[in-house]
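Here is what each chain is made of, one letter per residue.
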Amino acid sequence: MSKTMTGAQMVIQALKDQGVDTIFGYPGGAVLPIYDEIFQQSDIKHILVRHEQGATHAAEGYARSTGKPGVVLVTSGPGATNAVTGMTDALMDSIPMVVLTGQVPTFMIGSDAFQEADTVGITRPCTKHNWLVKETDKLSETIHQAFHIATSGRPGPVLIDIPKDVQFATGTYTEKSKSKIDHYNPQRRGDLDAITELVELIEKAERPVLYTGGGVINSGNQASQLLRELVQETNFPITSTLMGLGSYPASGKNWLGMLGMHGTYEANLSMHGCDLLINIGARFDDRITGVLDKFSPHSKKAHIDIDASSINKVISVDIPILGDVACVLEDLLKIWKSRGNKTNSAKILDWWSQINKWRERKCLSYKNSDTIIKPQYALERLEFLTKDHPNRFITTEVGQHQMWAAQYLGFEDPHRWMTSGGLGTMGYGVPASVGVQVAHNDGLVINIAGEASWLMNMQEMGTCTQYNLPAKQFILNNERLGMVRQWQELLHGERYSNSWSESLPDFVKLAEAFGAKGIQCSDPKKLDDAIIEMLDYDGPVIFDCLVEKHENCFPMIPSGKAHNEMLMGDDKTENAIGSSGAVMV
Ligand SMILES: Cc1cc2nc3c(=O)[nH]c(=O)nc-3n(C[C@H](O)[C@H](O)[C@H](O)COP(=O)(O)OP(=O)(O)OC[C@H]3O[C@@H](n4cnc5c(N)ncnc54)[C@H](O)[C@@H]3O)c2cc1C
Ligand SMILES: Cc1ncc(C[n+]2csc(CCOP(=O)(O)OP(=O)(O)O)c2C)c(N)n1
């Protein structure tokens, strides 16, 4: 039965049909008809952010922590352009997001009308797909297509630009079940011959390693379960990218820690020395591969990925498998078991002896202090005091603190770790923590931040207060753009060009100004009590943790170097073979 309604009503109806419970948005002239409809219903919650960039990162946090798409509603012109960073971030990190933008009326498009911008043109490179809807009759179907595209295959952001006259006009609503969405149907099951070829390599491998990534999280909880089964049954070592943390538990005995530029010694050397590298839902990012012609030089390589354009893009592989991680792992385990669960177990034990020697190096150890809080220590204490919380979620900003969080916090499950990996967007964390907390009312949400990143979207503290969101802001305050300062120290002759702030706000007073609680701590002996005070407070907290200003984040593979050319940190260089701290193996 066809239903007639206005475009604005269609937007709300389509969102309801898609099961949307929350929109992150900010109103303006070109979306007022839609806001009027929001006012007249109560099924969908609208979270009024303080900046459209905040809306997009909040939607990312919501999406990553729930597995559902995040939804954003903003006005034309500056509303749309402010959302560009978040869409680009979501595109890089495979986050499903549907962005609805208002546009000037169709008859004014191209006239330099007030708050007109070519939103579809501007966002074409930073969305998976976008549409300018010029007829109300096409609006609902377009919204259903948008959700399908955002959530299928490699997930990503999509945008629908809706002129104001299309919102006012009346048309016919198309239900979700009647929408034509079958033109985009990415392949989910992998080719069985290719999977069998991989099984043959698994049976023979002497030094295998599983290199897993965000695709495992995108694929859903079943993928994570199958991955755990594969590790347990084969006894293969497993590492993950920044985006895949939590798909295999950090407490698991085969866990090597994160790999890549700030990955562990054992993970990177395993990648370098392995004879079989199985990439499961990762995209051979340059933070992982380092210099390409020295990347994992002795291995046969397989790559499981749902996006054909990810395969053989950066690294040529011997066995490409196009498909969804869960589907491929299911078939792989079935085939492997049907052939008798074989591995080269004796050789794999030898491989573990080698890996355990690398582990003994304790690459994440650091020199602690009685008088100054080391950032690593702050995170170790935070981990100790929160790891048993049944519902903990961590978001981060971008910089050294982000890498230390990846190194020193443990993630047992997927969807618990929200960070900006591909774009590396400072300002992601505060709004992302808002989005996660909105989705998980009772969750303990902590944003690990550097003071510089935190200041970039701190206005979203107002959103926290307005909606009683108790997210905790844990700022490792080194009064420096720490990651930039580290590169300047190590790679630019200690010329610290513009990498510190001479004027920082009083974060405790700032917290009070926002109606939150402020806590400052600079004494390692008082740190536990201060963290407990933060955790016990039933409301948003800004925790200003004054840390050592010049700590560097190690291990580090400098750009242009290989996995076996890691910098290990000042206190370990004396053991290193080779000069200038580079450990050669
Ligand atoms: C300061 C800084 C330092 C960094 N240092 C590191 C570092 O040391 N180590 C590190 O790992 N990263 C680091 N990163 C992050 C890095 O830039 C990349 O974002 C990250 O490595 C990419 O992770 P990924 O390969 O898992 O890819 P994602 O971006 O998560 O991509 C997922 C891949 O899986 C595929 N996929 C998606 N869904 C499915 C599915 N259902 N089935 C199959 N395949 C699917 C996609 O097509 C894609 O190819 C750093 C970032 C910053 C900001
Ligand atoms: C929007 C944006 N601008 C610039 C950068 C480059 N950048 C990466 S890390 C960093 C410094 C971050 O400083 P801070 O947030 O204090 O964290 P720290 O590294 O000190 O832990 C900068 C400027 C970026 N990633 N994002």
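Rules of the game
- Residues numbered from 1 in each chain as written.
- Chains lettered and ligands numbered in written order.
- Predicted model: local features only at pLDDT ≥ 70, side-chain atom pairs only at ≥ 80, totals over all residues.
- Heavy atoms only, no water.
- Helix = DSSP H or I, 4+ residues; strand = E, 2+ residues; numbered from the N terminus.
- Rg over C-alpha atoms; globule rule 2.2 N^0.38 Å.
- Buried < 20%, exposed > 50% of the residue type's maximum accessible area, 1.4 Å probe, protein only.
- Contact = heavy atoms within 4.5 Å.
- Areas by Shrake-Rupley, 256 points an atom, 1.4 Å probe, with all protein chains shown as cover.
- Lys, Arg positive; Asp, Glu negative; His and termini not counted.
- Charge placed at Lys NZ, Arg CZ, Asp CG, Glu CD.
- Phe/Tyr/Trp six-rings, centres within 6.5 Å; stacked < 30°, edge-to-face > 60°.
- 1 Å grid on protein atoms, 1.4 Å probe; cavity = no way out; pocket = protein on both sides within 12 Å on 5 of 7 lines; lining within 4 Å.
- Points joined across faces, edges and corners; volume = space filled by probe spheres on them.
- Nonpolar A, V, L, I, M, F, W, Y, C, P; charged D, E, K, R; others polar.

Q: Please explain the overall build of the chain as it appears in this structure.
A: Across its full length, the chain carries 23 helices and 22 strands. Taking 25 Å as the expected radius of gyration for a compact globule of 585 residues, we find that the chain reaches 25 Å, a close match to that expectation. For the C-alpha atoms alone, the extent of the chain along its principal axes is close to 70 × 60 × 40 Å. Going through the 585 residues of the chain one by one, you find that 60% of them count as buried. Considering only contacts within the chain whose residues lie at least 6 apart along the sequence, 75% involve residues at least 24 apart. Just so you have it, the chain exposes about 22600 Å², and 50% of that area is on carbon and sulfur atoms. Treating the 53 positive side-chain charges of the chain as one cloud and the 69 negative ones as another, the clouds have centres 4 Å apart.

Q: Just to check I follow, could you spell out the packing of aromatic side chains for this structure?
A: Where two aromatic rings form a pair, the distance of their centres and the angle of their planes describe that pair. This structure, assessed with the given rule, holds nine aromatic pairs. Ring centres of Trp-351 and Trp-358 lie 5.8 Å apart, and the angle between their planes is 90 degrees; this geometry places the pair in the edge-to-face category. Using a relative accessible area of 4% as the deciding quantity, one classes Trp-351 as buried. Residue Trp-358 is classed as buried on the basis of its relative accessible area of 13%.

Q: Explain the side chain of Thr-136 to me, please; I cannot follow it from the model alone.
A: With respect to the secondary-structure elements, Thr-136 resides in the loop between strand S6 (129-132) and helix H7 (139-151). Sequence-distant contacts of Thr-136, defined by excluding residues within four places in its chain, comprise Thr-6, Gly-7, Met-10, Val-166, Ala-169, Thr-170 and Gly-171.

Q: How do you make sense of empty space enclosed by the protein when you look at a structure like this?
A: One simple way to see leftover space: roll a probe sized like a water molecule over the atoms. Inspection of every chain in the model, using the stated rule, returns one cavity of 30 Å³ or more. Approximately 60 Å³ is the volume found for the largest cavity. Residue lining of the largest cavity: Glu-60, Arg-64, Asp-89, Asp-93, Ile-95, Leu-242, Met-243, Trp-417, Met-418, Thr-419 and Tyr-428, and that is the complete set. At the level of secondary structure, the elements contributing two or more residues to the lining of the largest cavity comprise helix H3 (52-66) and strand S16 (417-418). Grouping the amino acids of the lining of the largest cavity by side-chain chemistry returns six nonpolar, one polar and four charged.

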